[in-house]
Structures are given as structure tokens and as C-alpha cells.
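The primary structure of each chain is shown beneath.
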Amino acid sequence: MSPAARAALERARARLDTLSLYPAPVRVERVRVVVWPLVFRLPHMRRYSGYALWRTILLRRADASDDLVTHELCHVWQGQHRPLHMLLTYLTTRYRDNPYEREARFAVEATGVKIR
């Protein structure tokens, strides 16, 4: 993993550490960030800029925002605590209504830079 990707992952971890959504903080030791634009050419993947697998965050672009990395790392965190429920929810719930998607959007919003 590139130093820039590692730094983005650490910034995202620091943001999520300010939240108490789960009993234990997100573990990033085995998480990797992979920039793989080709996967986002697949029909089902075209609408995404990032995608979280169990321990891998796939990004369309190397210059992905910290918000996107935080959103995807939140999904990794969710999977660390509720893997089966998360999988079942994605299979049975529309994307926009999915509670895990709402939670990841909340995590980004709650930990983002506040401009006044």
C-alpha cells in the first residue's frame, strides 16, 4: 500500500475513533486500500467511487477524498462487528434505505470538517 493510501486510512481511522458506534474501535492493521479503476467499469460497480470488502477498500481514483475513505472504512468497521447481519441487510434492503449506508454517511457527516 502506498504511503498516501496508508495516511488516508489513518486519517479515516482517527475520524472514526471519535465515534462510539461499536464497542471496539475499528482495527486497521490488516486493512488495505487498493486503487483499481478497472473494477469500477463493471456494470454493477459503475455508480460507485469506492467499495469496501472485508479487509480491503477499493477506490476508483488515487486522489479519493478523505470522506470517501472514511465512509468505506466505516463499512469495514461494521463488518468487524456485525458481518452476517450486514451481509443479509445488503441482500434484502435497497441501497439508499440500508441502515449501514445511512450509518456510514452519518459517520462522515459527524466527523467532517466544520466550516462556519
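The text that follows walks through the structure, step by step, so that each part is easy to find. (Residues numbered from 1 in each chain as written. Predicted model: local features only at pLDDT ≥ 70, side-chain atom pairs only at ≥ 80, totals over all residues. Heavy atoms only, no water.)

1. Quick word on the nonpolar core
Inside soluble globular proteins, nonpolar side chains tend to come together where they are buried. Formally: Nine residue types can take part in a nonpolar core, namely buried Ala, Val, Leu, Ile, Met, Phe, Trp, Tyr and Cys, and a core is a set of them joined through side-chain atoms within 4.5 Å. Buried means the residue's accessible area, taken with a 1.4 Å probe over protein chains only, is under 20% of the maximum for its type, while exposed means over 50%, and partly exposed covers the values in between. By definition, any uninterrupted DSSP run of H or I lasting at least four residues is a helix, any uninterrupted run of E lasting at least two residues is a strand, and each is numbered from the N terminus. Any two residues having at least one pair of non-hydrogen atoms within 4.5 Å are treated as being in contact.
Judged by nonpolar contacts, the single largest core of 24 residues is most densely connected at Leu9, Leu16, Ile57 and Leu73. Those elements giving two or more residues to this core turn out to be helix H1 (3-16), strand E3 (56-59), helix H2 (66-81) and helix H4 (99-111). For this core, the element with the highest residue contribution is H2, accounting for six residues. Setting aside its immediate chain neighbours within four residues, Leu73 contacts Leu9, Ala12, Arg13, Leu16, Val26, Val28, Val31 and Ile57.

2. Structural notes on the packing of aromatic side chains
Our working rule: The aromatic pairing rule takes the rings of Phe, Tyr and Trp, using the six-membered ring of Trp, and pairs them if the centres are within 6.5 Å, calling planes under 30 degrees apart stacked, those over 60 edge-to-face and the rest tilted. We count a charge as sitting over a ring when the NZ of a lysine or the CZ of an arginine lies within 6 Å of the ring centre and within 35 degrees of the ring normal.
In total, this model carries three aromatic pairs according to the counting rule given. Residues Tyr22 and Trp77 carry aromatic rings whose centres are separated by 5.2 Å and whose planes lie at 70 degrees to one another, so their mutual orientation is edge-to-face. In this pair, Tyr22 is assigned in the loop between H1 and strand E1 (32-35) and Trp77 in helix H2, connecting sequence segments 55 residues apart. The buried category is assigned to Tyr22, whose relative accessible area is 12%. The structure contains a cluster of three or more aromatic residues connected by ring pairs, namely Tyr48, Tyr51 and Tyr95. Positioned above the aromatic ring of Tyr95 is the side chain of Arg47, whose terminal nitrogen or guanidinium carbon lies 5.0 Å from the ring centre.

3. A word on H2
We count it as follows: One less than the number of residues in a helix, times 1.5 Å, gives the span that helix is expected to have.
Here H2 spans 23 Å end to end across 16 residues, near enough to the 22 Å set by a 1.5 Å rise per residue. In terms of residue burial, H2 counts as a mostly covered element, since 12 of its 16 residues are buried. Turning to H2, its buried residues number three or more, namely Leu68, Val69, Thr70, His71, Glu72, Leu73, Cys74, His75, Val76, Trp77, Gln78 and Gly79.

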